[in-house]
Amino acid sequence: LSLSLVGVVAVFCNFGILPIMKRKIAKSKEKLLLYLGNAIGIKIFISTPLIFIITFFLCLMFNFPWETIIIACLVIFHSSLTSLTSYVGSAFISLHRNDLVLKINILAKSLSLFFSIYLLVNGYQLMIILLSSILISFSIFLLSVNITKSLFSRFKIKFDRLFIKKYIFLSLPLVLA
């Protein structure tokens with residue numbers, strides 16, 4: 001239930017910025033610094049807090065038990081970290097660096113599978129499995145940012161307010177379509 005709720009809320013809170021980012025980077029690799037940096041900034045500073053607030057409000061409104069609310073919050077952390085990594089992966093695909101995306105995905109899936117099997121076999125509960133998945137997703141995101149910085153030394157996560165307003169208003173119709 002919490003996974004479905006988070007998924008529906010996330011569709012609207014991500015503002016549809018990914019397709020525009022991919023298109024702009026594919027046209028000119030110099031746009032990576034501007035679009036990827038700001039896309040990550042939007043995800044961290046606007047989308048994820050908005051998903052938390054709306055999901056928490058809906059959980060309270062529908063009188064969900066606290067366990068469900070906690071799981072929903074953990075799912076938000078996990079899905080936000082995973083989508084941050086997918087932003088970097090999409091930028092790499094736009095640059096025709098599928099080899100990097102493949103390496104990152106294989107590492108992420110292998111670690112998730114290994115730790116999930118280990119924790120399930122040893123009788124750990126869902127919370128511990130979710131927390132380990134969050135830790136893995138965070139590590140993979142940091143790795144993908146590190147790889148990006150090695151390719152583009154000037155890359156940094158940005159929050160350029162004027163650009164972000166234009167970016168969100170340009171991409172918002174994609175969400176509403």
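Before reading further, recall that the structure is shown in the block above.
Residues numbered from 1 in each chain as written. Predicted model: local features only at pLDDT ≥ 70, side-chain atom pairs only at ≥ 80, totals over all residues. Heavy atoms only, no water.

1. A word on a positive patch on the surface
Now for step 1: Among the surface-exposed residues, Arg 23, Lys 27, Lys 31 and Lys 166 lie close enough to one another that they form a single positively charged patch.
Now for step 2: Mapped onto the elements of the fold, Lys 31 is located in helix α3 (residues 31-61). (Patch = residues over 30% accessible without salt bridge, like charges linked within 9 Å, V, L, I, M, F, W, Y side chains within 5 Å. Areas by Shrake-Rupley, 256 points an atom, 1.4 Å probe, with all protein chains shown as cover. Salt bridge = Lys/Arg side-chain N within 4 Å of Asp/Glu carboxyl O. Lys, Arg positive; Asp, Glu negative; His and termini not counted. Charge placed at Lys NZ, Arg CZ, Asp CG, Glu CD. Helix = DSSP H or I, 4+ residues; strand = E, 2+ residues; numbered from the N terminus.)

2. Focus: the packing of aromatic side chains
Now for step 1: The final tally for this structure, using the stated rule, is 8 aromatic pairs.
Now for step 2: On the basis of an interplanar angle of 75° and a centroid distance of 5.5 Å, the ring pair of Phe 45 and Phe 159 is categorised as edge-to-face. One end of the pair, Phe 45, is in helix α3; the other, Phe 159, is in the loop between α6 (126-151) and α7 (161-176), with 114 residues separating them in the sequence.
Now for step 3: For Phe 159, a relative accessible area of 35% puts it in the partly exposed group.
Now for step 4: A network of ring pairs unites the aromatic residues Tyr 35, Phe 163 and Tyr 167 as a single cluster. (Phe/Tyr/Trp six-rings, centres within 6.5 Å; stacked < 30°, edge-to-face > 60°. Buried < 20%, exposed > 50% of the residue type's maximum accessible area, 1.4 Å probe, protein only.)

3. Overview of the environment of Asn 38
Now for step 1: With respect to the helices, strands and loops of the structure, Asn 38 is situated in helix α3.
Now for step 2: The class of Asn 38 is buried, set by a relative accessible area of 0%.
Now for step 3: Once the C-alpha coordinates of Asn 38 and Phe 163 are considered, the two residues, 125 residues apart in sequence, prove to be 8.1 Å apart.
Now for step 4: In terms of polar contacts, Asn 38 uses its side chain to reach the backbone carbonyl oxygen of Leu 34, at 2.8 Å. (Polar contact = N/O pair within 3.5 Å; in protein donor to acceptor, adjacent residues only side chain to side chain.)

4. Here we look at α3
Now for step 1: With 31 residues, α3 extends 42 Å between its outermost C-alpha atoms, agreeing within 8% with the 45 Å of an ideal straight helix rising 1.5 Å per residue.
Now for step 2: Within α3, the axis deviates most sharply at Lys 43, by approximately 40°.
Now for step 3: Following α3 by one or two positions, Asn 63 adopts a phi angle in the positive range, close to 60°. (Expected span 1.5 Å × (residues − 1). Bend = angle between axes of the 7 residues up to and from the residue.)

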